[in-house]
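# Structure at a glance
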Amino acid sequence: PPNAASWDRPMTAEFLAEAGIRPGLSLLPEKMRGPNAERQQRAKMIQETDLKLRRQMGGGPGIGFAQLEKNEAILNVFTHSYSAFLLPPVCDACAVPYNLDEVARACQDNDVLMSAMTRLEYFLSPLPVGTDEASGLLMYSHVWEPQWFVKGQPEPGRWAASWSIATKAAGITA
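Model, not experiment: these values are computed from the prediction.

Each value, and the rule that gives it
Residues numbered from 1 in each chain as written. Predicted model: local features only at pLDDT ≥ 70, side-chain atom pairs only at ≥ 80, totals over all residues. Heavy atoms only, no water. Helix = DSSP H or I, 4+ residues; strand = E, 2+ residues; numbered from the N terminus. Buried < 20%, exposed > 50% of the residue type's maximum accessible area, 1.4 Å probe, protein only. Contact = heavy atoms within 4.5 Å. Areas by Shrake-Rupley, 256 points an atom, 1.4 Å probe, with all protein chains shown as cover. Expected span 1.5 Å × (residues − 1). Polar contact = N/O pair within 3.5 Å; in protein donor to acceptor, adjacent residues only side chain to side chain. Axes fitted to C-alpha atoms, helices over the stretch in contact; angles between N-to-C directions. Parallel < 35°, antiparallel > 145°, perpendicular 65-115°, else oblique. Left-handed = near helix turned anticlockwise from the far one by under 90°. Nonpolar A, V, L, I, M, F, W, Y, C, P; charged D, E, K, R; others polar. Phe/Tyr/Trp six-rings, centres within 6.5 Å; stacked < 30°, edge-to-face > 60°.

Along the backbone of the protein there are eight helices and two strands. Written out in order from the N terminus, the α and β elements of the protein read α-α-β-β-α-α-α-α-α-α. In the protein, which comprises 174 residues, the proportion classed as buried is 49%. Summarising the internal contacts of the protein: among those between residues at least 6 apart in sequence, 60% fall at separations of at least 24. Here the protein displays about 8300 Å² of accessible surface, and carbon together with sulfur accounts for 55% of that area.

Laid out in structure tokens, this is it:
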């Protein structure tokens, strides 16, 4: 799959979907794909980094635009029986060894892998992917699990703008 990080082009919500999110979702089962899954991921990545940071500011553990954390989201995907079953073919397709450290390292610059990992993270939640701003925020807040030493909080005040940009980029109306 293509890797947006290697392209000399400014990152936009549309380009990230084209070069990272859609190819990442295509590596997963059909039930995990679709416009709402795309929008949920895009909104998270806009919310977390405004599509500008691939490493958390201040040396924190967040990796890639989705700010996945090795010892939280990535580890959860590796250890949950369903996502652990789906992950090896994703790693193969992205030419990344099926190894926690290697996947965590690769998620910083491999937007296809980061996208698949983000969707697997969301899939482990009992909540459905958001279909409107409120349910999108609920899902985002539910999977937001920073390591215990991180003193951050989700910023619900920014969510409306993140969701709006993601909705427009996904071509979803209403």
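Here helix H6 (residues 111-123) is 13 residues long and its end C-alpha atoms lie 18 Å apart, about the 18 Å a rise of 1.5 Å per residue gives. Among the 13 residues that make up H6, 12 are buried, leaving the element largely enclosed by the rest of the structure. Here H6 has its buried residues at Asp111, Val112, Leu113, Met114, Ser115, Ala116, Met117, Thr118, Arg119, Leu120, Glu121 and Tyr122. At the N-terminal end of H6, a side-chain oxygen is found 3.2 Å from the backbone nitrogen of Val112, two or three residues along, and the residue is Asn110.

For the rest of this paragraph, the subject is the packing of helix H7 (residues 133-143) against helix H8 (residues 156-170). For the pair H7 and H8, the least separation of the axes is 10 Å and the interaxial angle reads 120°. As judged from the angle between their axes, H7 and H8 are oblique. For the pair H7 and H8, the crossing hand works out as right-handed. Residue-level inspection shows Glu133, Gly136, Leu137 and Tyr140 of H7 in contact with H8, the latter providing Pro156, Trp159, Ala160 and Trp163. Considering only residue class, the contact of H7 with H8 consists of six nonpolar, one polar and one charged.

With the rule as written, the count across this model stands at four aromatic pairs. Feature note: the residues Tyr140, Trp159 and Trp163 constitute an aromatic cluster, connected by ring pairs.

This part covers the packing of helix H2 (residues 35-49) against H8. The N-to-C vectors of H2 and H8 enclose an angle of 135°; their axes lie 8 Å apart at closest approach. Comparing their axes, H8 and H2 come out oblique. When the axes of H2 and H8 are compared, the crossing they make is right-handed. Residue-level inspection shows Pro35, Arg39, Gln40, Arg42, Ala43, Lys44, Ile46 and Gln47 of H2 in contact with H8, the latter providing Arg158, Trp159, Ser162, Trp163, Ile165, Ala166, Thr167, Ala169 and Ala170. In terms of residue class, the contact of H2 with H8 is made up of nine nonpolar, four polar and four charged.

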